[in-house]
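Here is what each chain is made of, one letter per residue.
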Amino acid sequence: MSTDIAQALKDLANAKALAASATRCLAHSGLTPGQAAYFALLTEDLAQELSRTQVHAAAALRSTGAHKLDQESFQAITDLGPDPTIEEIEAVKGSTITGRTHFKDAKGLMTGWLDIPRSTATARLVQADCLLGGVDEAGEPTEPWLPELAAQFGDPSIDPRLVASAAMKLHSVRKDLGEGKAAEVKKQQLQAESAAFLRSEPKSARKHINDLVAQVKAGKRPLKALLDGIGIFKRGMRKGLVEYLFRVLPSHSAYIEAYFANLDNPSTVAGNRQGLKDVDAQFTGEETSGWDDEDSKPDWAKDRPGDEDVEDIEDDPPEEGLNPDAEDPHSQADDHQPEDEDHQPEGDSSEPEPASGEWEDLKPERRRLVGFMALLMSERKPNGSPPDQQAGLASSQVSIILDWEKLQRKMEDFAVTSSGILLSPGEARTALCTAGILPVVLNGKSLPLDLGRTQRLFSKAQVRALQAAYRGCSYPGCSMPAQRCEADHLDPWEKGGRTDIKSAVLNCLIHHTARHCGLFHAVKIPGSRPMVLLPPELDPEQKLRINTYFMTPAEALEAEALAEETTMRWRAGLLDVEIAQP
């Protein structure tokens, strides 16, 4: 063993001791907020580096045949302890034997001696094959299976955990790629696209790589094979719960996602959180929103001192001759919004919103189950009409974006739902036959959808157009769907801004507020969709970015290429962009 290797192992031993000592100190001291943030940053950087080290260690165990060490060698290694000297490390070279040993292979050594779970040990060895290279049957080293990702794995600017996860995903489709030159070309394409996602937008990379893998596994399976696999399967009782497995077509999934989008929206009747609790109480027996006496009332409903002195004031009666229930012909009806909001998600805006913090008492998974049960329990009226709106009962409005140019080129992703689900040609044709069609012309002059200074709030038609074009929040990596986003003026109305499509973007409630607080900036690009400029502390490269979360992998790659090109032209002074005011 060389002195350099012994010193490196000594450094690792010292690093372990230093990390343990630092954790003991920092866990029991009065950290300032800044120090706590630096503590967390260092810890994550250390975890990233450690994940890379773990894969290298697994590769070293296999390439050296460490599982063949004899008993004396294992005992000597154990006796080194946490603080060995350089000389002691150099002395522990280890002796391997050809006879029977404790462990069959490197995986057995990792699980039996290092107590690493078998699945984790398998994953690390696969990652080693893909990113570092392996060993053939003759004991000769082999090249990494994914050389482009292997280069990224050693790049300190890229999280190695994301690269390792991507390698596992691509390795899982090796049998689906087939054999021969065509398989190699497909593998290289998958690798190049995965590397592009990891390099350009790590926050959405995992989702897009999963989609790439799903497309490969789906392949060109015939419809009969797909239909044979769909259904609801009962898996039995586990931990007191009955498990079911759903397997559905993408077209089924589009309706389910649309249903959940309305159910997850607390601004709709279907997503009313207290109403969902009441529906859930029919099964669980938990307390509902009703109360019987003063003791059972919540604090906000109890009488307070002085309330008895306040007289009831009758609402002003309607003017004579007017029906109080009639619709005002001058009102915006469904599009009426508070004056300080650009757009409120569609739904019953007259419904009082629950107090902050009460919305999420039910986890998303449980909310969706409640909605599903409400759907099963709903009854149609005697005349056959749908039941009245109530908590848990949502309408599934599915938006499908058909790209004419992609259809002409016979590309697979010519029909995509607003949630990013690919539809097959047959499913798209069925949708065209049975659905109400709302034509949306993108990249046109958009004159029919521009309201200029005639109206402050965005119309329902404008919001639908924005939802079709952008599909979700504009903030990079945000997973909030369009149905729960607000239309946001990029040019402030109070400063002369216009209610036009080209001057609008979708933002979720959190990022809508964050933009107006100056925590990030929207950027208007001539002839293109708006982009986002993050602050230097979040994006030292200061690149223009697009949220690709709801795009297909092919669309995401095109969007990332557009953002890269736009950033280069902007920095070179060849493009006059406008950073929108907060």
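Cut-offs applied
Residues numbered from 1 in each chain as written. Predicted model: local features only at pLDDT ≥ 70, side-chain atom pairs only at ≥ 80, totals over all residues. Heavy atoms only, no water. Helix = DSSP H or I, 4+ residues; strand = E, 2+ residues; numbered from the N terminus. Buried < 20%, exposed > 50% of the residue type's maximum accessible area, 1.4 Å probe, protein only. Contact = heavy atoms within 4.5 Å. Areas by Shrake-Rupley, 256 points an atom, 1.4 Å probe, with all protein chains shown as cover. Pairing = 2+ DSSP bridges. Core = buried A, V, L, I, M, F, W, Y, C linked by side-chain atoms within 4.5 Å. Patch = residues over 30% accessible without salt bridge, like charges linked within 9 Å, V, L, I, M, F, W, Y side chains within 5 Å. Salt bridge = Lys/Arg side-chain N within 4 Å of Asp/Glu carboxyl O. Axes fitted to C-alpha atoms, helices over the stretch in contact; angles between N-to-C directions. Parallel < 35°, antiparallel > 145°, perpendicular 65-115°, else oblique. Left-handed = near helix turned anticlockwise from the far one by under 90°. Phe/Tyr/Trp six-rings, centres within 6.5 Å; stacked < 30°, edge-to-face > 60°. pLDDT = per-residue confidence, 0-100.

A. The arrangement of the overall build of the protein in detail. A count of helical and extended segments in the protein gives 19 helices and ten strands. Of all 582 residues assigned to the protein, the portion counted as buried reaches 36%. Considering only contacts in the protein between residues 6 or more positions apart, those separated by 24 or more positions represent 62%. Summed over its atoms, the accessible surface of the protein is roughly 35,800 Å², and 55% of this surface lies on carbon and sulfur atoms.

B. Spotlight on the sheet that holds strand E9 (residues 544-545). An order of E9-E8-E7-E10 is seen for the four strands of this open sheet, with the pairing classed as antiparallel. Each end of this open sheet is capped by a strand with a single partner; those strands are E9 and strand E10 (578-579).

C. Representation of the nonpolar core in the model. In this structure, Leu131, Leu149, Val163, Leu190, Leu198 and Ile525 are the most contacted members of the largest nonpolar core, which totals 40 residues. Elements supplying a minimum of two residues to this core: helix H2 (33-64), helix H6 (118-131), helix H7 (147-153), helix H8 (160-171), helix H9 (181-200), helix H10 (202-218), strand E8 (531-533) and helix H19 (553-571). With six residues, H8 is the largest single contributor of residues to this core. Not counting residues within four places of it along the chain, the set of residues in contact with Ile525 comprises Met531, Leu544, Thr566, Leu575 and Val577.

D. Looking closely at helix H17 (residues 460-470). Of all the positions in H17, only Gln462, Val463, Ala465, Leu466, Gln467, Ala468 and Tyr470 are classed as buried. Turning to H17, the residues buried within the fold contact strand E3 (400-402), strand E5 (485-489) and strand E6 (504-508). Arg471 sits one or two positions beyond H17 and adopts a positive phi of about 70°.

E. Broad picture of the environment of Pro84. Considering the arrangement of structural elements, one finds Pro84 in the loop between helix H3 (71-79) and helix H4 (86-91). The spacing of Pro84 and Ala13 is 71 residues in sequence and 7.9 Å in space, taken between C-alpha atoms. With near-sequence residues (within four places) excluded, Pro84 lies in contact with Lys10, Ala13 and Ile89.

F. Seen up close, a nonpolar patch on the surface. Nonpolar side chains collect at one region of the surface, where Ile232, Met237, Val242, Tyr244, Phe246, Val248, Ile256, Leu369, Phe372 and Leu376 lie side by side and expose about 950 Å² of accessible area between them. Counting residues per element, the ones that place at least two in the nonpolar patch are strand E1 (231-238), strand E2 (241-247) and helix H14 (364-377). Relative to the helices and strands, Phe246 is located in strand E2.

G. Structural context of the pairing of E5. Burial runs high along E5: five of the five residues are buried. Because side chains alternate across E5, one face comprises the buried residues Cys485, Ala487 and His489, and the other comprises Glu486 and Asp488, equally buried. Relative to E6, E5 runs antiparallel, the two sharing five bridges. Looking across to E6, one finds that Ala487 is bridged to Leu506.

H. Expanded view of the pattern of salt bridges. As enumerated under the stated definition, the model contains 16 salt bridges in all. The closest approach of N and O atoms between Asp159 and Arg161, which form a salt bridge, is 3.1 Å. Between Asp539 and Arg545 there is a salt bridge, with its nearest N and O atoms 3.1 Å apart. Each member of the pair, Asp539 together with Arg545, is buried. A single salt-bridge network, built from bridges that share partners, covers Glu44, Asp159 and Arg161.

I. Quick look at the environment of Leu190. Here Leu190 lies in helix H9. Sequence-distant contacts of Leu190, defined by excluding residues within four places in its chain, comprise Leu170, Val173, Leu177, Leu212 and Val216.

J. Focus on the pairing of E1. With respect to burial, E1 is a largely exposed element, only zero of its eight residues being buried. Strand direction decides the pairing type here: E1 and E2, joined by seven bridges, are antiparallel. Bridging across to E2, Ile232 finds its partner in Phe246. Here E1 hands over to E2 after two residues, with Lys239 in that stretch at a positive phi of 55°.

K. Region of the structure containing the packing of H9 against H10. Remark: H9 packs on H10, axes separated minimally by 7 Å, with the N-to-C direction vectors making an angle of 160°. Classified by the interaxial angle, the pair formed by H9 and H10 is roughly antiparallel. Between H9 and H10 lies a crossing of right-handed hand. For the pair formed by H9 and H10, the contact residues are Lys186, Leu190, Glu193, Ser194, Phe197, Leu198 and Ser200 on the first element and Pro202, Ala205, His208, Ile209, Leu212 and Val216 on the second.

L. Summary view of the packing of aromatic side chains. This structure, assessed with the given rule, holds five aromatic pairs. On the basis of an interplanar angle of 75° and a centroid distance of 5.0 Å, the ring pair of Tyr475 and Phe520 is categorised as edge-to-face. Separated by 45 residues along the polypeptide, Tyr475 in the loop between H17 and E5 and Phe520 in the loop between helix H18 (509-516) and strand E7 (521-524) bring together distant segments of the chain. Given the relative accessible area of 2%, Phe520 is considered buried. Judged by centre distance (5.1 Å) and plane angle (75°), the rings of Tyr549 and Phe550 are edge-to-face. Judged by relative accessible area, which is 24%, Tyr549 ranks as partly exposed. Given a relative accessible area of 9%, Phe550 falls into the buried group.

M. Seen up close, the confidence of the model for the protein. Within the protein, residue pLDDT values average 78, and 77% of them lie at 70 or more. This stretch, residues 305-359, has a pLDDT under 50; its non-local contacts, to residues over four places away or in other chains, come to 57 contacts. In the predicted structure, residues 439-448 sits below a pLDDT of 50 and forms three contacts with residues beyond four places in sequence or in another chain.

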